[in-house]
Amino acid sequence: MAAIYMLLLVLVRSVQGSSNSTKPELSVDFYSKSCPQLEQLVLSVTTQQFKQAPSSAPATIRLFFHDCFVQGCDASVLITTRGGSGVEVEREAYDNKDLAAEGFESVNKAKALVESKCPGLVSCADILAIAARDFIHLAGGPNYLVKKGRRDGKASTIANVKGNVPRSNATVDQLIRLFGSKGLSIPDLVALSGAHTIGFSHCDQFVGRLYDYRGTGHPDPVLDPRLLKALRMSCPRFGGNTDVVAPFDVKTPFAFDHMYYANLQTNLGLLATDQALFLDPRTKPIVQALGKDIGAFFKAFALGMDKMGSIGVKMGAQGEIRRDCTKHNKNI
Ligand code: HEM
């Protein structure tokens, strides 16, 4: 009887042990032994890039968002080369058509430098997470610690993109549902949308608001008339230059501040999805709170980036450490 009891105890212990067994987790000091100079190396590249091309900041932040929302933060968005099967990659998707080149360039340059000092050790997914944080800080936003240990995905497929990246005509319901499906709350949605305090949008993303809002034949009645006039000059209804862009934040387009929320409260939101955050009762109080307090915005934004940076990450034996961020190792 005692022997059976002992055996049971051992079994219980081993089951408990296995449930406690260490599941890999992202950590701030993941490379502290293998590549202690990592953050410094990335910062040297991002600082240089920011000086030469400040648009690298919004470009890289958006790139990180589009990476994490599609198949997790695994640098799958960086792949440019189709594999042997000729499958089209994420980057070729309609929703990724306007990801600016400066984001890809920043990550590829940082990777080349890191690879020269710490070969084969640091994932492109981690470099993208660090570079996004650097650019947020360089543009005046919060500095926060980035957890690391992500591995790079071994696949990148165009079909995974649609429905995983929000479109500029989405409803607040759709945004809440999409962010919720990634483990992000309504406060995360509102805080992360604050990234639109820097950067630019092409006319096609908001031209409907200027001339024919929801098929009414009239502009969006909420849009401030002076902004409407200015945007119409850059973005004609038909035949405009498709390369023209407008700043998200008309007041302080290059500063990572909380002006985005003040703009929404004065009808200066650029995309319908931006303005909708001030119109919906579920998100309006958060817009007001973040608009009042830049410290609260920075805190909520850093928390949101940490959560977003943990979506669907591959760790341990999963994935690979790419040598070139644009290619899977098997294609090198
Ligand atoms: C809430 C839903 C969101 C929608 C519907 C949305 C949509 C868009 C659109 C349509 C553009 C303009 C693309 C172009 O025409 O070039 C854009 C740009 C941008 N988005 Fe979002 N976005 C959302 C959330 C986010 C989040 C969560 C982040 C990051 C945390 C982000 C960061 C950016 C940045 C920085 C830009 C400017 C890119 C540049 O100037 O190169 N967005 N977004």
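- The chain is annotated in an unreviewed UniProt entry as Peroxidase of Amborella trichopoda.
- In UniProt, the chain has this text filed under Catalytic activity (unreviewed entry): "2 a phenolic donor + H2O2 = 2 a phenolic radical donor + 2 H2O".

**Describing the nonpolar core**
Moving on, step 1. Membership of the largest hydrophobic core comes to 79 residues, with the highest contact counts inside it found for Val42, Val107, Ile127, Leu128 and Ala131.
Moving on, step 2. In terms of residue count, helix α5 (residues 124–138) provides more of this core than any other element does, 10 residues in total.
Moving on, step 3. Residues lining this core come from more than one domain, with at least three contributed by each of domain 1 (38–165 + 310–331) and domain 2 (172–308).
Moving on, step 4. Residues within four places of leucine 128 in sequence aside, it is in contact with Leu63, Phe64, Asp67, Ala75 and Val107.

**Points about the site of the ligand**
Moving on, step 1. Around the ligand, 24 residues are found, and the nearest of them are Pro58, Asp98, Ala195, Gly199 and His202.
Moving on, step 2. At the level of secondary structure, the elements contributing two or more residues to the shell around the ligand comprise α3 (56–69), α7 (186–193) and β1 (200–202).
Moving on, step 3. Here the shell around the ligand takes 5 residues from α3, the largest share from any one element.
Moving on, step 4. In terms of residue class, the shell around the ligand is made up of 13 nonpolar, 8 polar and 3 charged.

**Some words on the UniProt feature "binding site: Ca(2+) 2" (unreviewed entry) in the chain**
Moving on, step 1. The sites that UniProt annotates as "binding site: Ca(2+) 2" (unreviewed entry) are Thr197, Asp249, Thr252 and Asp257. Maximum C-alpha separation among the annotated residues is 9.8 Å over a sequence range of 61 residues, consistent with a single clustered spot.
Moving on, step 2. Following the sequence through the fold, threonine 197 ends up in the loop between α7 and β1.
Moving on, step 3. Once residues within four sequence positions are removed from consideration, threonine 197 is found in contact with Phe248, Asp249, Phe256, Asp257, His258, Met259 and Tyr260.
Moving on, step 4. Assignment of secondary structure puts aspartate 257 in the loop between β2 (245–247) and α10 (259–265).

Here is what the cut-offs are and how they apply
Residues numbered from 1 in each chain as written. Predicted model: local features only at pLDDT ≥ 70, side-chain atom pairs only at ≥ 80, totals over all residues. UniProt positions renumbered as here; feature names shortened; annotations may be inferred. Core = buried A, V, L, I, M, F, W, Y, C linked by C-beta atoms within 7 Å. Buried ≥ 20, exposed ≤ 12 C-beta atoms within 10 Å, placed from the backbone. Helix = DSSP H or I, 4+ residues; strand = E, 2+ residues; numbered from the N terminus. Domains from an automatic or database assignment. Contact = placed C-beta atoms within 7 Å. Near = placed C-beta within 6 Å. Nonpolar A, V, L, I, M, F, W, Y, C, P; charged D, E, K, R; others polar.

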